[in-house]
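Chain by chain, the residues run as shown.
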Amino acid sequence: NLYFLQRRSEYMIHNETILYKLTMKNIFFLIKILFFCLFFITSVTAKQSNYLDKGIELFEKKEFDKSKLLFEKDIVFNPKSEKSYLYLAKIFNLKNNEEEQEINLNNVLLINPKNDEAIYMLTLIKIKQSDYGEAKKLVDKFVLVCKSFCSKESEIKKKLKKFMPKDEKSNN
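Worth saying up front: this structure is predicted, and the values here are computed from it rather than measured.

Conventions we followed
Residues numbered from 1 in each chain as written. Predicted model: local features only at pLDDT ≥ 70, side-chain atom pairs only at ≥ 80, totals over all residues. Heavy atoms only, no water. Helix = DSSP H or I, 4+ residues; strand = E, 2+ residues; numbered from the N terminus. Buried < 20%, exposed > 50% of the residue type's maximum accessible area, 1.4 Å probe, protein only. Contact = heavy atoms within 4.5 Å. Areas by Shrake-Rupley, 256 points an atom, 1.4 Å probe, with all protein chains shown as cover. Core = buried A, V, L, I, M, F, W, Y, C linked by side-chain atoms within 4.5 Å. Expected span 1.5 Å × (residues − 1). Salt bridge = Lys/Arg side-chain N within 4 Å of Asp/Glu carboxyl O. Phe/Tyr/Trp six-rings, centres within 6.5 Å; stacked < 30°, edge-to-face > 60°. Axes fitted to C-alpha atoms, helices over the stretch in contact; angles between N-to-C directions. Parallel < 35°, antiparallel > 145°, perpendicular 65-115°, else oblique. Left-handed = near helix turned anticlockwise from the far one by under 90°. Nonpolar A, V, L, I, M, F, W, Y, C, P; charged D, E, K, R; others polar.

S.K.: Would you mind showing me how to read the overall build of the protein chain here?
M.R.: Across its full length, the protein chain carries eight helices and zero strands. Moving toward the C terminus, one meets the helices and strands of the protein chain in the order α-α-α-α-α-α-α-α. The proportion of buried residues among the 172 residues of the protein chain is 30%. Long-range contacts, defined here as pairs at least 24 residues apart, represent 45% of the contacts in the protein chain between residues at least 6 apart. When the accessible surface of the protein chain is split by element, carbon and sulfur atoms take 60% of a total near 12,300 Å².

Okay, here's the thing in structure tokens:
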């Protein structure tokens, strides 16, 4: 009986050592996975911000098709990229694609309702579409939130008055 107890204790000690080794291997394995994940996330984030920066560079060089692709890639990685939507709207403005421009400006305003540049550009579209009610709302909103585009306030008010129907002018 004593022999069996001794063998049993040796067996238990041996198993504890194996468990300890397995646990240490698992810990090292988990640490390796953690470092890999951190490295991967960092590289993806770097690529993501790189798309926006490269897109802006190409936009300033007037390479609109290439910059458009980079802004779209940035939106894939960061759907709340206000700047990418705004630059896409600018590209569509230059290409006279009013529908796509309006879609992108609405996306900018969903992300940041106080983006004065997007409000300004959307107001111009609404004036061009003769949607005076919406244009007036946007002008009023623009006056409240303008920061960097305040110099455009008088210009946009003049455009609105110029294209406003006569019965609307008499009401104001």
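Don't stop here, the text continues.
S.K.: Would you explain the environment of Met121 in this entry?
M.R.: Mapped onto the secondary structure, Met121 falls in helix α5 (residues 116-128). Between the C-alpha atoms of Met121 and Ile156, which are 35 residues apart in sequence, the distance is 9.8 Å. Filtering out sequence-adjacent residues up to four positions away, Met121 remains in contact with Leu86, Ala89, Lys90, Gln101 and Leu105.

S.K.: Please explain the nonpolar core as it appears in this structure.
M.R.: In terms of nonpolar packing, the biggest core is built from 31 residues, with Phe71 and Leu105 touching the most fellow members. When contributions to this core are tallied by element, the ones reaching two or more residues are α1 (2-60), α2 (64-77), α3 (82-94), α4 (98-111), α5, α6 (132-145) and α7 (153-163).

S.K.: I tried to follow α3 on my own but got confused; where do I start?
M.R.: Owing to its 3.6 residues per turn, the α-helix brings residues three or four apart onto one side. Helix length check: α3, at 13 residues, gives a terminal C-alpha distance of 19 Å against a target of 18 Å (1.5 Å per residue), a fit within 8%. Looking only at α3, the buried set comprises Ser84, Tyr85, Leu86, Tyr87, Leu88, Ala89, Lys90, Ile91 and Phe92. In the segment just after α3, Asn96 is the residue with positive phi, at about 55°.

S.K.: Please clarify how the pattern of salt bridges should be interpreted in this entry.
M.R.: It is possible for side chains bearing opposite charge to pair when their charged atoms get close. Counted according to the given criterion, the structure contains seven salt bridges. A salt bridge links Lys128 to Glu98; the nearest nitrogen and oxygen atoms lie 3.5 Å apart. With a gap of 30 residues between them, Lys128 in helix α5 and Glu98 in helix α4 connect regions that are remote in the sequence. Residue class for Glu98 comes out partly exposed when judged on its relative accessible area of 25%.

S.K.: I tried to follow the packing of aromatic side chains on my own but got confused; where do I start?
M.R.: Ring pairs (aromatic) are described by centroid distance and by the angle formed between their planes. Throughout the structure, instances matching the rule amount to four aromatic pairs. Measuring from ring centre to ring centre gives 5.4 Å for Phe59 and Phe64, while their planes differ by 65°; the resulting arrangement is edge-to-face. Taking the relative accessible area as the measure of exposure, Phe59 reaches 15% and is therefore buried. Summarising the aromatic geometry, the rings of Phe71 and Tyr87 are spaced 5.2 Å apart at their centres and angled 15° between planes, so their arrangement reads as stacked. With a gap of 16 residues between them, Phe71 in helix α2 and Tyr87 in helix α3 connect regions that are remote in the sequence.

S.K.: Sorry if this is basic, but what is going on with unusual backbone geometry here?
M.R.: A negative phi holds for most residues other than glycine; trans holds for most peptide bonds. The phi angle at Lys62 is positive, at roughly 65°, despite the residue not being glycine. By secondary structure assignment, the location of Lys62 is in the loop between α1 and α2. Although it is not a glycine, Asn96 adopts a positive phi angle of roughly 55°. In this structure Asn96 comes out as exposed when scored by relative accessible area, which is 67%.

S.K.: Just checking my understanding: could you explain the packing of α5 against α6 for this structure?
M.R.: Packed helices, taken two at a time, are described by the angle their axes make and the gap between the axes. Viewed as axis vectors pointing N to C, α5 and α6 meet at an angle of 160°, and their least axial separation amounts to 9 Å. Put simply, α5 runs roughly antiparallel to α6. In this structure, the crossing between α5 and α6 has a hand that is left-handed. In contact with Asp116, Ile119, Tyr120, Leu122, Thr123, Lys126 and Ile127 of α5, α6 contributes Tyr132, Glu134, Ala135, Leu138, Val139, Lys141, Phe142 and Val145. For the contact of α5 with α6, the per-class residue count stands at ten nonpolar, one polar and four charged.

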